[in-house]
Amino acid sequence: MMYFCETNKTHDEHLTINGKLFQLLRGLYPTHVIHCYMSLSHWNQLDGVIEGDSNVRFFETRVIEPMQGDKIRWIRKIVLECLTILKIVRKAAKQGVGLIFFSSMSPFANYFIQVLLKYFVTKDVKVIVTLHGELQLLKSTNQKMVDKLYAACLRKALRVNLSNRRFLVLNELIKGNLVKNGIAEHSAILEIPHPYGKRYEIPLKRDANRQGRTVFGHIGTAKLAKNSHLFFDLADKNAKNVKSGCAVFLISGQVFGEMRPFQNAYVEFGQTLSFVEATAYVERCLMMDYAIFMYTDDQYGMISSGAIMDAIAFGIPIIGFKNAYLTYLFNLCHAKPGVLCEGYEDMADCVRRLIESDDGCYPHYLAGMKELQTYFSFERIQHQFNVQVSHFFG
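A few points about the overall build of the protein
Stage number 1. The secondary structure content of the protein amounts to 15 helices and 13 strands.
Stage number 2. The C-alpha atoms of the protein give a radius of gyration of 22 Å, which matches the 21 Å a tight globule of 394 residues would have.
Stage number 3. Counting only C-alpha atoms, the protein reaches 65 × 40 × 40 Å along its principal axes.
Stage number 4. Taking the intrachain contacts of the protein between residues at least 6 apart in sequence as the baseline, contacts between residues at least 24 apart amount to 74%.
Stage number 5. Entry remark: accessible area of the protein is about 17700 Å², with carbon and sulfur atoms responsible for 54%.

Thoughts on the pairing of strand S9 (residues 247-251)
Stage number 1. Of all five residues in S9, five are buried, a share of seventy percent or more.
Stage number 2. Burial of S9 is two-sided: the residues Ala247, Phe249 and Ile251 facing one way and the residues Val248 and Leu250 facing the other way are all buried.
Stage number 3. Direction of pairing for strand S8 (residues 214-218) relative to S9: parallel, over a ladder of five bridges. Bridge pairing links His218 to Ile251 in S9.

Description of the side chain of Asn110
Stage number 1. Tracing the backbone shows Asn110 in helix H4 (residues 107-119).
Stage number 2. Residue classification places Asn110 among the buried positions, given a relative accessible area of 0%.
Stage number 3. Setting aside residues up to four positions removed in sequence, Asn110 forms contacts with Met105, Val129, Leu131, Leu154, Ala157 and Phe167.

Description of helix H11 (residues 306-314)
Stage number 1. Counting buried residues along H11, eight of its nine residues qualify, which places the element largely inside the surrounding structure.
Stage number 2. The complete set of buried residues in H11 reads Ala307, Ile308, Met309, Asp310, Ala311, Ile312, Ala313 and Phe314.
Stage number 3. In this structure, the buried residues of H11 make contact with helix H9 (278-286), strand S11 (290-293), strand S12 (318-321), helix H12 (324-331) and helix H14 (362-375).
Stage number 4. Its side-chain oxygen placed 3.2 Å from the backbone nitrogen of Ala307, Ser305 serves as the N-cap of H11.

Observations regarding the packing of helix H1 (residues 15-28) against helix H15 (residues 378-392)
Stage number 1. Two numbers describe how H1 lies on H15: the axes approach to 9 Å, and their chain directions differ by 60°. Accordingly, the angle class assigned to the pair H1 and H15 is oblique. Both H1 and H15 take part in a crossing whose hand is right-handed. Listed contacts from H15 to Lys20, Gln23, Leu24, Leu25, Gly27 and Leu28 of H1 are Phe378, Ile381, Gln382, Phe385, Asn386, Val389 and Ser390.
Stage number 2. Of the residues contributing to the contact of H1 with H15, the split by class is seven nonpolar, five polar and one charged.

Considering the sheet that holds strand S4 (residues 99-102)
Stage number 1. Strands sit in the order S3-S2-S1-S4-S5-S6-S7 across an open sheet of seven strands; the sheet is parallel. With one partner strand each, in any of the chains shown, strand S3 (56-60) and strand S7 (189-191) form the two edges of the open sheet. Averaged over all neighbouring strand pairs, the angle between strand axes comes to 20°, with direction disregarded.

Some words on the nonpolar core
Stage number 1. By size, the foremost hydrophobic cluster in this structure holds 39 residues, and its most contacted members are Ile100, Phe102, Leu135, Leu158 and Leu178.
Stage number 2. Taken together, the elements giving at least two residues each to this core come down to strand S1 (2-6), helix H3 (71-95), S4, H4, strand S5 (126-130), helix H5 (145-159), strand S6 (165-169) and helix H6 (172-180).
Stage number 3. Ranked by residues supplied to this core, first place goes to H3 with six residues.
Stage number 4. The residues contacting Leu158, other than those within four sequence positions of it, are Leu131, Leu135, Leu138, Phe167, Leu178, Ile183, Ala184 and Ile189.

A few points about the pattern of salt bridges
Stage number 1. In this structure the tally under the stated criterion is three salt bridges.
Stage number 2. The salt bridge involving Glu342 is made with Lys322; its shortest N-O contact spans 2.7 Å. Here Lys322 lies in the loop between S12 and H12 and Glu342 lies in the loop between strand S13 (338-341) and helix H13 (344-356), a separation of 20 residues in the sequence.
Stage number 3. Exposure remark for Glu342: the relative accessible area of 61% places this residue in the exposed category.

A few points about the pairing of strand S2 (residues 34-38)
Stage number 1. When you tally the buried positions in S2, you get five out of five residues, the bulk of the element.
Stage number 2. Where burial is concerned, the two faces of S2 agree: the one with Ile34, Cys36 and Met38 and the one with His35 and Tyr37 are both buried.
Stage number 3. One ladder, built from five bridges, connects S1 with S2; its direction is parallel. Bridge pairing in S2 links Phe4 to Cys36.
Stage number 4. As defined by bridge partners, S2 adjoins S3 across five bridges and the pair is classed as parallel. Following the sheet pairing, His35 is matched in S3 by Arg57.

Focus: the packing of aromatic side chains
For any pair of aromatic rings, geometry is given as the distance between the ring centres together with the angle between the planes.
Stage number 1. One pass over the structure, following the stated rule, counts 18 aromatic pairs.
Stage number 2. Geometrically, the ring pair formed by Phe231 and Phe249 is edge-to-face, given 5.7 Å between the ring centres and 70° between the ring planes. Taken together, the positions of Phe231 in helix H7 (residues 229-237) and Phe249 in strand S9 put the pair 18 residues apart, joining distant regions of the chain. The same class applies to Phe231 as to Phe249, namely buried.
Stage number 3. Ring geometry for Phe293 and Tyr295: centres 5.6 Å apart, planes at 65°, overall edge-to-face.

Topic: the side chain of Asn8
Stage number 1. Position of Asn8 relative to the elements: it lies in the loop between S1 and H1.
Stage number 2. Those residues in contact with Asn8 that lie beyond four places of it in its chain are Val63, Lys77, Glu81, Ser104, Met105 and Ser106.

Analysis parameters
- Residues numbered from 1 in each chain as written.
- Predicted model: local features only at pLDDT ≥ 70, side-chain atom pairs only at ≥ 80, totals over all residues.
- Heavy atoms only, no water.
- Helix = DSSP H or I, 4+ residues; strand = E, 2+ residues; numbered from the N terminus.
- Rg over C-alpha atoms; globule rule 2.2 N^0.38 Å.
- Contact = heavy atoms within 4.5 Å.
- Areas by Shrake-Rupley, 256 points an atom, 1.4 Å probe, with all protein chains shown as cover.
- Buried < 20%, exposed > 50% of the residue type's maximum accessible area, 1.4 Å probe, protein only.
- Pairing = 2+ DSSP bridges.
- Polar contact = N/O pair within 3.5 Å; in protein donor to acceptor, adjacent residues only side chain to side chain.
- Axes fitted to C-alpha atoms, helices over the stretch in contact; angles between N-to-C directions.
- Parallel < 35°, antiparallel > 145°, perpendicular 65-115°, else oblique.
- Left-handed = near helix turned anticlockwise from the far one by under 90°.
- Nonpolar A, V, L, I, M, F, W, Y, C, P; charged D, E, K, R; others polar.
- Core = buried A, V, L, I, M, F, W, Y, C linked by side-chain atoms within 4.5 Å.
- Salt bridge = Lys/Arg side-chain N within 4 Å of Asp/Glu carboxyl O.
- Phe/Tyr/Trp six-rings, centres within 6.5 Å; stacked < 30°, edge-to-face > 60°.

Right, here's the structure in full:
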């Protein structure tokens, strides 16, 4: 028996990645019984992935949905998460569960489970904890007090190597950074490429019906940590072409409130401060000719971007800053899957050129995206996952 747990997210947060993580676990152990512990709202979204598997049982778990600026609610959420983890681990120990897989966890809860496993739980209970964007806190500067506390919790959790716990990261560069900087031991970290969602067929040329205009997309949430304000500036620089219908600038995900000072009439996005529904998100992504990424290593060096993986899934050529991860992706390809830019001005020049005259390289970029789809195929990731988890069990 195994447990698959999401004690941190609700509704469709992390829906795609959690669905894929569940499929990886089921692919490794196809006949095992899996107990799923998560909120009802998340289970209802994830249930389509389960597809009526009779060996899967759902146990409703209360998870408090955070509200921006509500500190008391955040404290209650973290306390409840830790109490839930305590109950799950104690139950697993009593039932002789072979593996508890956590698809995400807050930094404080990560430290809490480390103490729990080290001092109070039998070594027979094995745990895998998936790490996401919280790892960027380890590199960030000028942090708020709460971020400093989170970073301290993560460091303490990562530096203690337990025989019955492994961390899972979604990028080999992230594992390399953690090990190189002495934050974690090599044996404590499992790594797989970030799985993407549904794979879309990539045409080998631009749709003839879309000739005459170019759609530049911002995939995922728009916030300062992604330099999303520059996307609005990019649209403003090309306002004339937007007005004439030659260019479209489109955001597929949620636009955070911190973007209000930068908004203008030249960027299309849903007028909402909440998460964008999956169908609307997909529709917007499918409209895009290029996906623009303005991440720097300081902002996203320890994060495996789900938005970039969505660009790969949809087959949208990339225009991005030359950071470590995009450079790594481009180096995987014989045909470059887009354009890497030295900085913002270089990107602005690139976008202007693409609007004013097609560079003739679009089929080349599409071929590169097809290569990335193959490299990040689920079958390949499943094999990597199976080998590492099997080694964890000896």
